[in-house]
Amino acid sequence: MAARSRPGVNGPKFVELNDLASSKASGRVLFATDDWFAVAENLLKSEEPTFRDGVFTSQGKWMDGWETRRKRKPGHDWCIIKLGEPGAIYGFDVDTSFFTGNSAPKVSIQVAHLTAAQEAMFPPRKSLMGTEASKEQLQQVAKLQSEVKPLL
């Protein structure tokens, strides 16, 4: 998710701009439906993704990205990211490096400006592999009605 400047690579101009979602800019994950194999905070890294051959965690192969379990129930996995600073969004870099064969076929991105009261509705975030949002947490976040926010 984090835009990175890639010297020598002809890409969109927005990758040369400040990355508003980067953890270095104080961006943070407010909510994620599933952190089973790798936590959503990996989306906020500014560094290029890496591959570690033969490295495993208690949940399986180590991945430098956000990796959830296969959905065996209706719906899809999603997360809510708070930008570290306000600003105009000119593009998104959705990097699926090293997720060969198991990357999402598409992504959607929605935006919203949350009030302090709305942000307080989020359950406390635990960035921990092997976890998923509980039914109660999903119900609490559903009150925000994020599914009706505009798509970019």
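Report on the accompanying structure. (Residues numbered from 1 in each chain as written. Predicted model: local features only at pLDDT ≥ 70, side-chain atom pairs only at ≥ 80, totals over all residues. Heavy atoms only, no water.)

### Some words on the environment of Ala 133
On the secondary structure map, Ala 133 appears in the loop between α1 (116-119) and α2 (135-142). Expressed as a C-alpha distance, the spacing of Ala 133 and Phe 31, which sit 102 residues apart in the sequence, is 8.4 Å. (Helix = DSSP H or I, 4+ residues; strand = E, 2+ residues; numbered from the N terminus.)

### Notes on the side chain of Asp 34
Take Asp 34: it is sitting in the loop between β1 (28-32) and β2 (56-57). Since its relative accessible area comes to 4%, Asp 34 is described here as buried. (Buried < 20%, exposed > 50% of the residue type's maximum accessible area, 1.4 Å probe, protein only.)

### A few points about the pairing of β1
Among the five residues in β1, four count as buried, and that is most of the element. Here four bridges tie β1 to strand β4 (residues 79-82), and the two strands are oriented antiparallel to one another. Within the sheet, the bridge partner assigned to Val 29 lies in β4 and is Ile 81. (Pairing = 2+ DSSP bridges.)

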